[in-house]
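A closer look at the structure
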Amino acid sequence: MARYFGGLLFGLAVVVSCGWLFISRPWAGQPEPPADFVIPTQSVEDVRSHAARVNEVRTSETIDKPAREQFAADRDDVVFDAARAMGYLKDICKIGPRISGSDGMTKQQELLKKHFESLGGKVELQSFTARQESQPRPVDMANMIVRWHPDRKRRVILCSHYDTRPIADQEPDRRKWHEPFVSANDGGSGVALLMELAHQMKDFKTEVGVDFVFFDGEEYVFDPERDKYFFGSEHFGRAYSKDKSKRVPGGPRQEYVAAVLMDMIAGKNPRFPVEQHSAMQAGALVRELWSIAAELKCKAFVDRVGSAVLDDHLALNRAGIPAVDIIDFNYPHWHRLTDLPDNCSGEGMEQVARVLTAWLERIK
Ligand code: ZN
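Calculation rules
Here, residues in each chain are numbered from 1, in the same order as that chain's written sequence. Restriction of local features to residues with pLDDT of at least 70 applies here, the model being predicted, together with a cutoff of 80 or more for giving and counting side-chain atom pairs; totals for whole chains, interfaces and linings are based on all residues. Secondary structure elements are taken from DSSP: a helix is a run of H or I of four residues or more, a strand is a run of E of two residues or more, and numbering for both begins at the N terminus. The burial label depends on the number of other C-beta atoms within 10 Å of a residue's C-beta. Counts of 20 or more mean buried, 12 or fewer mean exposed, and intermediate counts mean partly exposed, with C-beta atoms placed from the backbone. Think of it this way: build a C-beta for each residue from its backbone, and any pair within 7 Å is a contact. A pair of strands is considered paired only if DSSP assigns at least 2 bridges between the two. Here an axis means a line fitted to C-alpha atoms, over the contact stretch when the element is a helix, while the angle between two N-to-C directions is reported on a 0 to 180 degree scale. Here is the rule for handedness: rotate from the far helix to the near one, and if that takes an anticlockwise turn smaller than a right angle the crossing is left-handed, while a clockwise turn gives right-handed. Under this grouping Gly is polar, as are all residues other than the nonpolar Ala, Val, Leu, Ile, Met, Phe, Trp, Tyr, Cys and Pro and the charged Asp, Glu, Lys and Arg. Connectivity within a nonpolar core runs through C-beta atoms within 7 Å, and the core itself is a set of buried Ala, Val, Leu, Ile, Met, Phe, Trp, Tyr and Cys residues. Multiplying 1.5 Å by the helix residue count minus one yields the expected span of that helix.

**Details of the overall build of the protein**
Looking only at helices and strands, the protein has eleven helices and ten strands in total. Taking all 364 residues of the protein together, the buried fraction comes to 46%. When contacts within the protein are restricted to residue pairs at least 6 apart in sequence, those whose partners lie at least 24 apart make up 81%.

See below:
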């Protein structure tokens, strides 16, 4: 995750957060928010009324069953193996840092390619070169795309970034910033969830095609004040928009109808309130996911609007793909050397996977 903040009034937060994205220095001026970030306030109201409705459902629930039993009560086809997902998380972290353009990233790409191909996915690398402001040379990056049912035209994206930050810049002791940082939850957790979910994908009953997308260059930041974020998702969004504009009427057409981004989903006792940009830019998708979570008793999903987070979903929304970020804003090890598998658990990944699989079964 790139950067977050909270506690401001909702409307003020929207304006300020747009400023954060484009200048990264909110104290330096108050630019007009760009037009594509101005979202009708109606969608916010929709989310609020949805939250109120879900609250009504919750308060009428019986609470005499143990939490785990309630959580699984209406699904007997439990196939997501949280312990195996944690095993994948550890495997990824054993590689060490997975910084864009590094040997660690190449090793991770090899591991993932082998894993997804062995389970029937079609793996592609979307390569590009990125130049970071603070760095003397450009670096080669690649988003990884794993396609399931590649022939289907209506498609959805499940995604995460898969690079790690070169510096642990939330460590209070600056001398520690350059120690090896494995970023287990921040990046690793989304990858681990999708590695585990891949076991179900080949024969999964859904009407849409599914693409797992791993974004590179989300964390390629050496100077947080000056550097750019989101190289991979911005490249992906631009490539998609360009491709869409070239299509001829009646010609072959693949279209993304939704995207779900996962970031920091494996903390202990995680909480996923509705992220503000998701609520404003993809309100209908937020309602679908959080309603399913309430129905399935996935209590990590909190039915209130939380902080505004700058993350890879912004570039997807700009490309016309409604995109939601499922994120635990309050993970205490964010960008610290203690973001390790020992500070993660499978519980959040399991709940996210249950919501996603139920959603994929229903989507038309
Ligand atoms: Zn991060």
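**Considering the pairing of strand E10 (residues 323–327)**
The element E10 is largely enclosed, with a buried count of five among its five residues. Residues of E10 alternate between two faces, with Ala323, Asp325 and Ile327 on one and Val324 and Ile326 on the opposite face, all of them buried. Here five bridges tie strand E6 (residues 255–263) to E10, and the two strands are oriented parallel to one another. Within E10, the position partnered with alanine 259 by the bridge is alanine 323.

**Here's the deal with the packing of helix H4 (residues 82–94) against helix H11 (residues 346–362)**
Two elements in contact, H4 and H11, have axes whose closest approach is 9 Å; the angle formed by their N-to-C orientations is 115°. Both H4 and H11 take part in a crossing whose hand is right-handed. Contacts from Ala82, Ala83, Ala85 and Met86 of H4 reach H11 at Gly346, Glu347, Met349 and Glu350. When the residues that make up the contact of H4 with H11 are grouped by side-chain class, the tally is five nonpolar, one polar and two charged.

**Focus: the sheet that holds strand E5 (residues 209–215)**
Pairing within the open sheet is mixed, and its six strands lie in the order E2-E3-E5-E4-E6-E10. The open sheet has two free edges, formed respectively by strand E2 (122–130) and E10, since each of these has just one partner strand. Across the sheet, the mean angle from the axis of one strand to that of its neighbour is 20°, orientation sign disregarded. Inspection of the sheet shows E2 paired to strand E3 (residues 139–148) by nine bridges, in the antiparallel sense. Across the sheet, serine 127 pairs through a bridge with alanine 142, a residue of E3.

**Points about the environment of alanine 300**
Structurally, the position occupied by alanine 300 is in the loop between helix H9 (283–295) and strand E8 (301–305). As for alanine 300 and proline 270, which are separated by 30 residues in sequence, their C-alpha atoms are 5.8 Å apart. When near neighbours in sequence (up to four residues on either side) are disregarded, alanine 300 contacts Pro270, Arg271, Phe272, Gly348 and Gln351.

**Points about the nonpolar core**
Counting 92 residues, the largest nonpolar core has Leu89, Ala192, Leu193 and Ala259 as the members making the most contacts within it. Considering every element that reaches this core, the biggest residue donor is helix H6 (residues 188–201), with eight residues. If we ignore the near neighbours within four places in the chain, the residues touching leucine 89 are Ala184, Gly188, Ser189, Ala192, Ala266, Pro341 and Cys344.

**Section: helix H7 (residues 231–246)**
Here H7 spans 23 Å end to end across 16 residues, near enough to the 22 Å set by a 1.5 Å rise per residue. Each element contacted by the buried residues of H7 is listed here: E2, E3, strand E4 (154–161), E5 and helix H10 (313–318).

**Regarding the environment of isoleucine 92**
Tracing the backbone through its elements, the reader meets isoleucine 92 in helix H4. Between the C-alpha atom of isoleucine 92 and that of serine 183, which follows or precedes it by 91 residues, the distance is 9.8 Å. If we skip the residues at most four places from it in the chain, isoleucine 92 touches Gln108, Gly188, Val191 and Ala192.

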